[in-house]
Amino acid sequence: MDQILLCLCFLLAVRAVIVIRRLYFHPLSAYPGTKLGIASPTLYKLYRNFKRRGQFIFEIEQLHQKHGPIVRSGINDLHINDPSIYLQITKIGSRFRKDPKFYDRISFRNTSLGFLDPYQHRARHSILVNAAFSPTPKNIQHLARLVEQKVTKLCDRFDTWAVEGIPVNIHKGMKALSMDVISELTMGRSFGCLDHPTFSNVFLEQLHSIFQEMTWMQKILFTVAKVSLSTPPWMFRFVHPPTMVMMKELAKPLIRDYVDSRKGEVSNEQSLQKAVIIDALTSPSGSKNTKPLDFETLSEEVVTLLTAGGDTVSSALIYGIYHICRNEQVHRKLVEELLTAFPATDDVSYQGAHSLPYLNACIKEILRTGNPLPGRLPRVVPQEGFDLYGRHIPGGCVFNTSAYLLNRHPSIWDRPDDFDPDRWLKSNSGLLEQYMASFYRGTRQCLGKDLAWCELYVMLARLFRQFHVVIHDTSDADMEWIDAVLIVFKGKNLKAMLSRRDT
Ligand code: HEM
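Every value quoted in this text rests on a predicted model; they were computed, and no experiment measured them.

**Student:** Describe the overall build of the protein, with residues and values.
**Tutor:** In terms of regular secondary structure, the protein is built from 21 helices and 12 strands. A total of 503 residues make up the protein; the buried ones form 56% of that total. Across the protein, every contact between residues at least 6 apart in sequence was considered, and the portion connecting residues at least 24 apart equals 72%. For the protein, the accessible area works out to roughly 23000 Å², and carbon and sulfur atoms hold 57% of it.

Structural data, given as structure tokens:
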């Protein structure tokens, strides 16, 4: 008994020394922060995830309000809320890298999102840009045609409900739209969510449950997921169904079908130009520096693109439609602009929409305040360290920044919490753009930025041109969100009553 007691005392003493060292003798100990988070990150994570799911970002916000721009958010982590430091971390040539502790939990390592190594990342990035995400006018036109076709399909379905006077589930409509766009772009055929009676699809449902559960089970779940990679699909269904791995398994037969259907076709430069993303990733001529992807890695990249491209734009659209409708003046100005630019609904096009100043201002404000990826994106300080306000921070520490905070930083944004598109029509608006953190900046900025803009232009222009839109049975409380890496709205789905405009 005495020996057990002695052992316990010894363990407690060791633990106490570790905690004291972390709190008072660590290179970051000068910074104020979450004491429990630093003393015992595991306990703190459990508390956060069970009791305060998706609320960490708001706790960090409060810490910044109390202590200023730098707070300690973990043993080795600082959270930084200073736009000028954000510009330094993300500048071209920056040696800050993604933090594996975080990215290995939310992505597959050998993908555009998950790569840590800049050379591997550059090689994959250039294949994907050439295949589908290049910002050239020709490629944007190609994306626009796809988006216009899907938006027309969605609005035709909305029209049926408008005529019958039935409320429309805007939330589900937007999720279906972005998923059909990105699935068709990635795999050569869409999931058909827009044709489904309730705009659904097994993929969308999985995605939703993944992000519902992402926070509290994150660590365990991804460990299980990794182990499950070597187990047959039927088995990990029992271990834990809603994982990225599950998504990958769902995507595999579709990818396999597509790859098989292309077998025998000669892959040459010409066919590559027309091909979807899978073709580019499996083509031997995709890049000089890379081999065609094996089937597992291909599936992981496809799932990454489906996830990154499916949920983000739709959340921005849902948030945006709600806020435009809630703000009478904004709503009126936008509709006036659209009615002038497009005398008939069928005139709405990407080409016409992207040059409209007020629509542009609305989209920028949606992206600024709506932040589909609101939370921390951790980067590792390079080996040589970093000079933070005159204090040396050793290499290996982690800097976190969050779009939710940067996009509302009072030194840059006047009345930051207001939804005010007019701020983008003032003479200094060009200056503001560099501080927008919604798509991140630098070499690891969003790959699908132009596609996202395209969907936002065409969907908002078409919806508000074709219909009178009145929010139905949805409140501000429904639109509150939690940070589950992507945002998850807390309440009921956004609904609206739509009625046709006269012309
Ligand atoms: C409004 C819509 C969108 C927003 C706000 C958004 C935001 C972001 C942000 C903040 C990042 C950086 C993430 C990080 O550093 O960990 C990112 C990366 C990425 N996004 Fe988006 N995104 C959007 C739409 C899309 C779309 C439509 C796609 C299409 C496939 C996409 C694909 C990606 C990919 C592949 C990455 C990883 C890029 C890399 O690390 O090089 N995103 N996005």
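This is not the end of the story, as more comes after the structure.
**Student:** Break down the coordination of the iron atom of the ligand for me, citing the residues and quoting the values.
**Tutor:** Protein coordination of the iron atom of the ligand is limited to a single donor, Cys446 (SG), which sits 2.3 Å from the metal. As for its position among the elements, Cys446 is in the loop between helix 20 (429–433) and helix 21 (449–466).

**Student:** Can you break down the UniProt feature "binding site: heme" (unreviewed entry) in the protein residue by residue, with the values?
**Tutor:** Cross-referencing UniProt, the feature "binding site: heme" (unreviewed entry) maps to Cys446 in the present numbering. Here Cys446 falls in the partly exposed class, since its relative accessible area comes to 34%.

**Student:** Can you break down the site of the ligand residue by residue, with the values?
**Tutor:** In the neighbourhood of the ligand, 27 residues make up the surrounding shell, with Tyr103, His121, Arg379, Arg444 and Cys446 lying closest. A distance of 2.5 Å is found between an oxygen atom of the ligand and a side-chain nitrogen or oxygen belonging to His121. At the level of secondary structure, the elements contributing two or more residues to the shell around the ligand comprise helix 7 (118–133), helix 15 (295–326), strand 5 (376–380) and helix 21. Classifying every residue of the shell around the ligand by side-chain character gives 17 nonpolar, seven polar and three charged.

**Student:** Lay out the sheet that holds strand 12 (residues 495–500) with the relevant residues and their values.
**Tutor:** Across the sheet, three strands lie side by side as 4-12-9; this open sheet has antiparallel pairing. Every other strand in the sheet has two partners, leaving strand 4 (168–169) and strand 9 (467–472) as the edge strands with one partner each. Contacting strand 9 and strand 12, helix 21 crosses the sheet at an angle of about 95 degrees to strand 9.

**Student:** Before we move on, can you summarise unusual backbone geometry with the specific residues and values?
**Tutor:** One can expect most non-glycine residues to show negative phi and most peptide bonds to be in trans. The phi torsion at Phe199 lies on the positive side, around 55 degrees, for a residue other than glycine. Topologically, Phe199 is positioned in the loop between helix 9 (170–187) and helix 10 (202–228). Phi angles above zero are rare outside glycine, and Asp473 is one such case at about 50 degrees. Assignment of secondary structure puts Asp473 in the loop between strand 9 and strand 10 (481–484).

**Student:** Before we move on, can you summarise the pattern of salt bridges with the specific residues and values?
**Tutor:** Taken as a whole and judged by the stated rule, the model has 27 salt bridges. For Asp99, the salt bridge goes to Lys101, with nearest N and O atoms at 3.7 Å. Using a relative accessible area of 4% as the deciding quantity, one classes Asp99 as buried. Accessibility expressed as a relative area gives 51% for Lys101, which makes it exposed. Two residues, Arg415 and Asp418, come together in a salt bridge whose shortest N-O distance is 2.7 Å. Look at Arg415 and you get partly exposed, because its relative accessible area is 42%. Look at Asp418 and you get partly exposed, because its relative accessible area is 33%. Residues joined in a network through salt bridges with shared partners are Lys248, Glu249, Lys252, Glu296 and Glu300.

**Student:** Tell me about the pairing of strand 8 (residues 398–402), residues and numbers included.
**Tutor:** The element strand 8 is extensively covered by neighbouring structure, given that five of its five residues are classed as buried. Of the two faces of strand 8, the one holding Val398, Asn400 and Ser402 and the one holding Phe399 and Thr401 are both buried throughout. Strand direction decides the pairing type here: strand 2 (residues 77–80) and strand 8, joined by three bridges, are parallel. In the sheet register, His79 faces strand 8, and the bridge partner there is Asn400. Where strand 5 lies against strand 8, five bridges are found, and the strand directions are antiparallel. Bridge pairing links Val380 to Val398 in strand 8.

**Student:** Please provide a residue-by-residue account of the state of the cysteines, values included.
**Tutor:** Applying the stated rule across the entire model yields zero disulfides. With no disulfide of its own, Cys7 has Cys9 as its nearest cysteine by sulfur position, at a separation of 9.5 Å. Assessed through its relative accessible area of 51%, Cys7 is described here as exposed.

**Student:** Please give an account of the sheet that holds strand 5 that cites residues and values.
**Tutor:** The mixed open sheet is built from five strands, whose spatial order is 1-2-8-5-3. In the strand order of this sheet, the two ends are held by strand 1 (70–72) and strand 3 (97–98), each with one partner. Across three bridges, the pairing between strand 1 and strand 2 is antiparallel. Residue pairing across strands places Ile70 opposite Ile80, the latter belonging to strand 2.

**Student:** Can you lay out the nonpolar core for me, pointing to particular residues and giving the numbers?
**Tutor:** In this structure, Phe158, Leu388, Phe399, Met459 and Phe464 are the most contacted members of the largest nonpolar core, which totals 140 residues. Among the elements that line this core, the one with the most residues is helix 15, at 14 residues. Once you skip the residues sitting within four places of it in the chain, Met459 turns out to touch Val151, Leu154, Cys155, Phe158, Met174, Leu177 and Leu317.

**Student:** Can you lay out the packing of aromatic side chains for me, pointing to particular residues and giving the numbers?
**Tutor:** All chains considered together, the criterion is met by 13 aromatic pairs. Taking 5.6 Å as the distance between ring centres and 35 degrees as the angle between the ring planes, the aromatic pair formed by Phe96 and Phe399 counts as tilted. Of this pair, Phe96 sits in the loop between helix 5 (83–90) and strand 3 while Phe399 sits in strand 8; the two residues are 303 residues apart in sequence, bridging distant segments of the chain. Here Phe96 matches Phe399 in class, with each residue buried. In this structure an aromatic cluster arises from ring pairing among Phe58, Tyr404 and Trp481. We note Arg391 situated over the ring of Tyr31; from NZ or CZ to the ring centre the distance is 5.2 Å. Sitting over the ring of Tyr404, Arg408 keeps its end group 4.2 Å from the ring centre.

**Student:** For helix 8 (residues 137–164), give the residues involved together with the corresponding values.
**Tutor:** Compared with an ideal rise of 1.5 Å per residue, which puts 28 residues at 40 Å, helix 8 spans 40 Å between its outermost C-alpha atoms and is within 8% of the ideal. Downstream of helix 8 by a residue or two, Gly165 has a phi angle that is positive, lying close to 70 degrees.

What counts, and at which threshold
- Residues numbered from 1 in each chain as written.
- Predicted model: local features only at pLDDT ≥ 70, side-chain atom pairs only at ≥ 80, totals over all residues.
- Heavy atoms only, no water.
- Helix = DSSP H or I, 4+ residues; strand = E, 2+ residues; numbered from the N terminus.
- Buried < 20%, exposed > 50% of the residue type's maximum accessible area, 1.4 Å probe, protein only.
- Contact = heavy atoms within 4.5 Å.
- Areas by Shrake-Rupley, 256 points an atom, 1.4 Å probe, with all protein chains shown as cover.
- Donors = N, O, S within 2.8 Å, 3.2 Å for Na, K, Ca; no water.
- UniProt positions renumbered as here; feature names shortened; annotations may be inferred.
- Near = heavy atom within 4 Å.
- Polar contact = N/O pair within 3.5 Å; in protein donor to acceptor, adjacent residues only side chain to side chain.
- Nonpolar A, V, L, I, M, F, W, Y, C, P; charged D, E, K, R; others polar.
- Pairing = 2+ DSSP bridges.
- Axes fitted to C-alpha atoms, helices over the stretch in contact; angles between N-to-C directions.
- Salt bridge = Lys/Arg side-chain N within 4 Å of Asp/Glu carboxyl O.
- Disulfide = S-S within 2.5 Å.
- Core = buried A, V, L, I, M, F, W, Y, C linked by side-chain atoms within 4.5 Å.
- Phe/Tyr/Trp six-rings, centres within 6.5 Å; stacked < 30°, edge-to-face > 60°.
- Lys NZ or Arg CZ within 6 Å of the ring centre and 35° of its normal.
- Expected span 1.5 Å × (residues − 1).

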